[in-house]
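# Tertiary structure, described
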Number of protein chains: 2
Amino acid sequence: MTPTAAAPDRERVIEAADRLFYAHGIQAVGMDAVRTASGVPLKRLYAQFPSKDALLVEVLRHRRSIWDAGIAAAAASATRPVDKILAVYDFLDEWFRTDDFRGCGFINAFGELGAVSPEVARIAREQKTDFQRYVAGLVEELGASAELAAQLAILAEGAQTTAAISGAPDAAIHARSAARILIDAALTEA
Amino acid sequence: MTPTAAAPDRERVIEAADRLFYAHGIQAVGMDAVRTASGVPLKRLYAQFPSKDALLVEVLRHRRSIWDAGIAAAAASATRPVDKILAVYDFLDEWFRTDDFRGCGFINAFGELGAVSPEVARIAREQKTDFQRYVAGLVEELGASAELAAQLAILAEGAQTTAAISGAPDAAIHARSAARILIDAALTEA
DNA sequence: CGCGATTGAGAACGCTCGTTCTCAGCGATG
DNA sequence: CATCGCTGAGAACGAGCGTTCTCAATCGCG
């Protein structure tokens, strides 16, 4: 058993669990389902992750890196800070139109387990504050206030829950145009 | 057993379950906990609600009426449509500073059970669209576009998740000032 | 070819929880 | 005062699930 040979197992399990947890909710998915979907037997699965909770933590970490990569890729096509900010909403728009979109995984996980698991609550909070910091960085480049950053982040969060629950994918478009107005207002005021 | 005598039981159960479900999550709360908190024995409890799912539906209905009443009360102190809109964010601000605030109960319930229970998903969606309609009505009185209404609703949703997960109660204040800017922009443009 | 370590498949265990059942106590009624 | 029906408290039941264990098949190595 070389340590490198175990890596594909880990990834397969995390990706399968992520897909299942996101699609059906965490508590609704049994370890047997993870095993079936990943093709990794229970024994190896528990060799990699001591418990379902530990697996969940890794799944959330994985999901965070996916999100970060998506945001970075969306920003890469833009040069000006303003466009990088607006690219966030374009990224959301694309995501919302995905077939298996079911809201923000962190918001969902927080709603389901945030009160019971401090670990889950912490990871969700970190993801949100990370995003807020990212937006704040871009806003700073713009020379606008920190309040604008908070408002832009709130718009993004609201778009996600609105798209998820109301099933309105155009929430991203509305958030985007609102963001543009807020940015313009902040810049002309300064 | 007069039918009117059963009413207090119903209310006590619904209120106790609502408090527990909201505080800890739905699946984390057993029927025994509901029984203990409400003081209503299991037998009567199951006489009123055929299952936990049925109880949950009533709990969500109850929560919806509480929300509606809160919004209505907040709007009552204002006369102009603009102030009624801004009153929504004042209401959120007050709510966010509550000790036991843990986000929007509908967003949480959707995240936990929306994928598994179409009933829960439907009730959450109805609550959100109801709120969107309410905002849309006020925006219409203002003579502004339907897009502004969508944007204002997104701000309210985003403030709720931000306050819940990031633990930032001032999300309501940021949403409020953003709302004011968007409203002003929409009105001067017209 | 033979033997021992490893592994995969799934059975088994223990716990939780939704739901139902039992039974002792009690109040009403004739 | 005796009896009958109802009620409350909690035991009991059955299912689901996280986690562990069994055991036969397999692979590597001498």
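Predicted model only: the values in this text are computed from it and were never measured.

Procedures and definitions
- Residues numbered from 1 in each chain as written.
- Chains lettered and ligands numbered in written order.
- Predicted model: local features only at pLDDT ≥ 70, side-chain atom pairs only at ≥ 80, totals over all residues.
- Heavy atoms only, no water.
- Contact = heavy atoms within 4.5 Å.
- Buried area = accessible area lost by both parts, 1.4 Å probe.
- Salt bridge = Lys/Arg side-chain N within 4 Å of Asp/Glu carboxyl O.
- Polar contact = N/O pair within 3.5 Å; in protein donor to acceptor, adjacent residues only side chain to side chain.
- Helix = DSSP H or I, 4+ residues; strand = E, 2+ residues; numbered from the N terminus.
- Near = heavy atom within 4 Å.
- Nonpolar A, V, L, I, M, F, W, Y, C, P; charged D, E, K, R; others polar.
- Axes fitted to C-alpha atoms, helices over the stretch in contact; angles between N-to-C directions.
- Parallel < 35°, antiparallel > 145°, perpendicular 65-115°, else oblique.
- Left-handed = near helix turned anticlockwise from the far one by under 90°.
- Buried < 20%, exposed > 50% of the residue type's maximum accessible area, 1.4 Å probe, protein only.

## What to know about the interface of chain B and chain A
- Each partner contributes residues to the interface: chain B has 40 residues there, and chain A has 40 residues.
- Together chain B and chain A conceal approximately 3,300 Å² of surface at their shared face, both sides included; 68% is due to carbon and sulfur atoms.
- Three residues, B:Phe110, B:Ile154 and B:Ile165, lead the burial of chain B against chain A; their summed loss comes to 21% of the area buried on that side.
- Where chain B packs against chain A, one counts zero salt bridges.
- At the junction of chain B and chain A, the tally comes to eight residue pairs in polar contact (both at pLDDT 80 or more).
- Put simply, the parts of the chain that give the side of chain B that touches chain A at least two residues each are α1 (7-24), α6 (105-113), α7 (118-142), α8 (146-166) and α9 (171-189) of chain B.
- Tallying contributions element by element places α8(B) first for the side of chain B that touches chain A, with 13 residues.

## Quick word on the protein's contact with DNA strand D
- In the vicinity of DNA strand D, the residues found are A:Val29, A:Gly30, A:Met31, A:Leu42, A:Lys43, A:Tyr46, A:Ser51, A:Lys52, B:Arg35, B:Pro41, B:Lys43 and B:Arg44.
- A share of 62% of the atoms of DNA strand D within 4 Å of the protein falls on sugar and phosphate groups.
- In the model, a phosphate oxygen of DNA strand D is placed 2.7 Å from a nitrogen or oxygen of the A:Met31 main chain.
- One nitrogen or oxygen atom from the side chain of A:Lys52 is found 2.7 Å from a phosphate oxygen belonging to DNA strand D.
- At the level of secondary structure, the elements contributing two or more residues to the surface near DNA strand D comprise α3 (42-48) of chain A together with α3 (42-48) of chain B.
- No other element matches the three residues that α3(A) contributes to the surface near DNA strand D.
- Here the residues of the surface near DNA strand D are counted per class, giving five nonpolar, two polar and five charged.

## A closer look at the protein's contact with DNA strand C
- Close to DNA strand C lie A:Arg35, A:Pro41, A:Lys43, A:Arg44, B:Val29, B:Gly30, B:Met31, B:Leu42, B:Tyr46, B:Ser51 and B:Lys52.
- If you look at DNA strand C and keep only atoms within 4 Å of the protein, 63% of those are sugar or phosphate atoms.
- Between a phosphate oxygen of DNA strand C and a side-chain N or O atom of A:Arg35, the distance comes to 3.2 Å.
- Between A:Lys43 and DNA strand C, the recorded distance is 3.0 Å, taken from a side-chain N or O atom to a base oxygen.

## Points about the packing of helix α5 (residues 81-96) of chain A against helix α7 (residues 118-142) of chain A
Residue and element names in this part refer to chain A.
- For the pair α5 and α7, the least separation of the axes is 8 Å and the interaxial angle reads 150°. Put simply, α5 runs roughly antiparallel to α7. α7 is crossed by α5, and the crossing has left-handed handedness. Between α5 and α7, the residues in contact are Pro-81, Val-82, Lys-84, Ile-85 and Val-88 and Phe-131, Tyr-134, Leu-138, Val-139, Glu-141 and Leu-142, respectively.
- For the contact of α5 with α7, a count of residues per class yields nine nonpolar, no polar and two charged.

## Some remarks on the environment of B:Glu58
Residues and elements named next belong to chain B.
- Among the structural elements, Glu-58 can be located in helix α4 (residues 52-76).
- Taking the relative accessible area as the measure of exposure, Glu-58 reaches 23% and is therefore partly exposed.
- Each C-alpha atom, one on Glu-58 and one on Ile-14, is 7.0 Å from the other, the two residues being 44 residues apart in sequence.
- If we skip the residues at most four places from it in the chain, Glu-58 touches Arg-10, Ile-14 and Phe-49.

## Considering the environment of B:Val57
All names here are of chain B.
- Position of Val-57 relative to the elements: it lies in helix α4.
- Distance from Val-57 to Ile-123, taken between C-alpha atoms, is 8.0 Å for residues 66 residues apart in sequence.
- In contact with Val-57, not counting residues within four places along its chain, are Glu-119 and Ile-123.

## Some remarks on the pattern of salt bridges
Residue and element names in this part refer to chain A.
- In total, this model carries 28 salt bridges over all chains according to the counting rule given.
- Put simply, Asp-9 and Arg-44 hold a salt bridge, and the shortest N to O gap is 2.4 Å. With Asp-9 in helix α1 (residues 7-24) and Arg-44 in helix α3, this pair connects stretches of sequence that are 35 residues apart.
- Across the salt bridge formed by Arg-80 and Asp-83, the nearest N and O atoms sit 3.0 Å from each other.

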